Structure formats: C-alpha cells, structure tokens
Amino acid sequence: SAVISQKPSRDICQRGTSLTIQCQVDSQVTMMFWYRQQPGQSLTLIATANQGSEATYESGFVIDKFPISRPNLTFSTLTVSNMSPEDSSIYLCSVGLAGGDTQYFGPGTRLTVL
Amino acid sequence: AQTVTQSQPEMSVQEAETVTLSCTYDTSENNYYLFWYKQPPSRQMILVIRQEAYKQQNATENRFSVNFQKAAKSFSLKISDSQLGDTAMYFCAFLFSGNTGKLIFGQGTTLQVKP
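Residue numbers restart at each chain and count upward from 1, following the sequence in its written direction. Chains carry letters from A onward and ligands carry numbers from 1 onward, assigned in written order. Two thresholds apply to this predicted model, a pLDDT of at least 70 for residue-level local features and 80 or more for giving and counting side-chain atom pairs, whereas whole-chain, interface and lining totals are computed over all residues. For the side-chain quantities, the full set of heavy atoms in the structure was used; hydrogens and water were omitted.

Asks: Talk me through unusual backbone geometry; I want residue IDs and the actual numbers.
Replies: Here the amide bond leading from Lys-7 of chain A into Pro-8 of chain A is cis, since omega sits at -10 degrees, within 30 degrees of zero. A run of DSSP states H or I qualifies as a helix once it reaches four residues; a run of E qualifies as a strand once it reaches two. Both are numbered from the N-terminal end. Note on placement: Pro-8 of chain A falls in the loop between strand S1 (4-7) and strand S2 (10-13). Here Asn-82 of chain A, not a glycine, exhibits a phi torsion of approximately 45 degrees, which is positive. For Asn-82 of chain A, the position within the fold is in the loop between strand S8 (75-80) and strand S9 (89-97). In this scheme, a residue with accessible area under 20% of its type's maximum is buried, one over 50% is exposed, and one in between is partly exposed, where area comes from a 1.4 Å probe on protein chains only. Asn-82 of chain A gets classed as exposed once you look at its relative accessible area, which sits at 55%. A positive phi angle, close to 55 degrees, is found at Lys-73 of chain B, a residue other than glycine. Relative to the helices and strands, Lys-73 of chain B resides in the loop between strand S8 (64-69) and strand S9 (74-79). With relative accessibility at 26%, the residue Lys-73 of chain B sits in the partly exposed group.

As structure tokens, then:
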C-alpha cells in the first residue's frame, strides 16, 4: 500500500469562497483520483488527476468548478470553487497501485459550506 | 454501464458471531475486479478485500472472506468472529480492468457490532 495524506482534514467555509485540498503520497504513483462523498451517500469519482496534462473529469463535474493540479507523481490538489452549501461533502483522494487495479484512499477532507 | 447494488442499508451482529453483507453488480465485461472497503466513523476508506474476476477461488483475508459467484454477479462479504472494531460502513466496489481506474461504488451497508 501507500501512505497518503490530505490537507486540510476539515474546514468550514463561507459561500462563494474557494478551498484547495492537497493530497500527498509517499511514493511515485501514476494514477491519482479525486472522489466526493456527500452526506450519507456513497463515493462518486470527480476526476482522474493526470501528471503533465489536464485532469479527466467525469460526467457532471467541470474544470471551472473543480480545477485539479498534478505537478508531479506524488502530489495533487483539488480546488472547490465558488462554494455553495451543496458542496458540503467529504473529498477523498486515492492512488492506484498494483498496476492500477487497486486503489488506496487518503483520510479525506470534510468540507462544510455555510 | 456498470452498476453496484447493496440491498442492505443497515445490519447488526453480536460480537463473536458471523455476518454476511450482500452485493450484486451488473456488467457485460468479463475482466474486472471487485472490492470491499470499510469506512469507520473516522471516514478513512480502508481496503478490506480484493477479488479478481478471472480467479474462481474466493479471496480471504483473516476473518474476512468473499463468496464470489460470477455467473450470478454476486459478491458477498463474510465477517467471522465479529469484533467491535468492525463497526463501520462497508462499500462494495467494481473496477473494470480496461478502465482508467474508475471505481464504481454501491450504496453502502452500515454494520453495527453489538457487545
């Protein structure tokens, strides 16, 4: 497995502001992903963070709302822009190991938007 | 499109007993992977067990084992000798091996282990 950290672990933000979440891995990985878990719900993939190119977004998620950076093979950021209370969720990053066939998750960031 | 269904929103079990969580999935693919993840109140997603679809043998990890029925598209998790620390939300997940890594999750089952 891998040691994955996320910052911040939680935050309370005001409507209309933006928050950047960081994900750091202790080893180089090819595949990094960002998921959203709304209250009481399952996880939904937001995007795949690609090193050296733009992220690949899933249906329903756009770059203007969730810009992602992947400057190297151990680090990625997700920004939640122009936040509204509907963005209140847990945001998790994951990395693909074992040839990409197994994903391990970071501890998550709990975001509350007032 | 692939879907994953967990039909048991909540379950409970007495400590030291055995419990089985159900999961069914729908796919037209032949090569894929199935997972069970555990999410305790700390919200950390922890990989419990992994099954490769091309392997007929059911995966086991200590007290955790699966019953993988490929033809029936069923993937249940059995927890033996349940412990209080097993209390968590359990998610079944599907990964198509030809995909770029998109995990598709079921709705989750909340498991309460009672002393």
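Asks: Outline the interface of chain B and chain A, listing residues and values.
Replies: Residue-level contacts link 19 residues of chain B with 24 residues of chain A. Accessible-area loss on putting two parts together, using a 1.4 Å probe and summing over both, is the definition of buried area adopted here. Both sides of the chain B and chain A interface together cover about 1,700 Å² of buried area, and 50% of this is carbon and sulfur. Salt bridge criterion: a side-chain nitrogen from Lys or Arg within 4 Å of a carboxyl oxygen from Asp or Glu. The interface formed by chain B and chain A includes 1 salt bridge. Where Lys-102 of chain B meets Glu-58 of chain A, a salt bridge forms, and the shortest distance between an N and an O atom there is 3.0 Å. Whenever a nitrogen or oxygen atom comes within 3.5 Å of another N or O atom, the pair is scored as a polar contact, on the condition that within protein one atom can donate a hydrogen and the other can accept it, and that pairs from neighbouring residues in sequence are kept only if both atoms are in side chains. Where chain B meets chain A, there are 11 residue pairs in polar contact (both at pLDDT 80 or more). Where the side of chain B that touches chain A is concerned, the elements lending two or more residues are strand S5 (32-39), strand S6 (46-52) and strand S10 (88-96) of chain B. Considering each element in turn, the side of chain B that touches chain A owes the most residues, 4 residues, to S5 of chain B. Counted by class, the side of chain B that touches chain A contains 9 nonpolar, 7 polar and 3 charged residues. We call two residues in contact whenever any of their non-hydrogen atoms come within 4.5 Å of each other. For this classification, the nonpolar set comprises Ala, Val, Leu, Ile, Met, Phe, Trp, Tyr, Cys and Pro, the charged set comprises Asp, Glu, Lys and Arg, and every other residue, Gly included, is treated as polar.

Asks: Quick rundown of the packing of aromatic side chains? Include the residues and the values.
Replies: Any two of the Phe, Tyr and Trp rings considered here, Trp counted by its six-membered ring, make a pair once their centres fall within 6.5 Å; the pair's planes then place it as stacked at under 30 degrees, edge-to-face at over 60, or tilted in between. Counted according to the given criterion, the structure contains 14 aromatic pairs over all chains. Residues Phe-66 of chain A and Tyr-91 of chain A carry aromatic rings whose centres are separated by 6.5 Å and whose planes lie at 45 degrees to one another, so their mutual orientation is tilted. You can see Phe-66 of chain A sitting in the loop between strand S6 (56-57) and strand S7 (68-72) and its partner Tyr-91 of chain A sitting in strand S9, a full 25 residues away along the chain. Neither Phe-66 of chain A nor Tyr-91 of chain A differs from the other in exposure class; each is buried. Pairing Phe-105 of chain A with Tyr-37 of chain B gives two aromatic rings, centres 5.3 Å apart and planes at 90 degrees, and the pair type is edge-to-face. In this pair, Phe-105 of chain A sits in strand S10 (residues 102-105) while Tyr-37 of chain B sits in strand S5, so the two residues belong to two different chains. Connected via pairs of aromatic rings, a cluster forms that spans Tyr-35 and Phe-105 of chain A together with Phe-35, Tyr-37, Phe-91 and Phe-105 of chain B.

Asks: I'd like a rundown of the pattern of salt bridges, residues and numbers included.
Replies: All names here are of chain B. All chains considered together, the criterion is met by 6 salt bridges over all chains. Put simply, Asp-86 and Arg-63 hold a salt bridge, and the shortest N to O gap is 2.8 Å. Highlighted residues: Asp-86 in the loop between S9 and S10 and Arg-63 in the loop between strand S7 (60-61) and S8, separated in sequence by 23 residues. Judged by its relative accessible area of 3%, Asp-86 falls in the buried class.

Asks: Describe the state of the cysteines, and please don't skip the residues or the numbers.
Replies: Criterion for a disulfide: a pair of cysteine sulfur atoms within 2.5 Å. As enumerated under the stated definition, the model contains 2 disulfides over all chains in all. Disulfide pairing places Cys-23 of chain A opposite Cys-93 of chain A at an S-S distance of 2.0 Å. Between Cys-23 of chain A and Cys-93 of chain A, the S-S torsion sits near 70 degrees, and that sign places the bridge as right-handed. Taken together, the positions of Cys-23 of chain A in strand S3 (residues 19-25) and Cys-93 of chain A in strand S9 put the pair 70 residues apart, joining distant regions of the chain. Like Cys-23 of chain A, the residue Cys-93 of chain A is buried in the burial classification. Here Cys-23 of chain B engages in a disulfide with Cys-92 of chain B; their sulfurs sit 2.0 Å apart. Residues Cys-23 of chain B and Cys-92 of chain B are joined through a disulfide that is left-handed, its torsion about the S-S bond being -70 degrees. Placement of the pair is Cys-23 of chain B in the loop between strand S3 (19-21) and strand S4 (24-26) and Cys-92 of chain B in strand S10, with a sequence separation of 69 residues.

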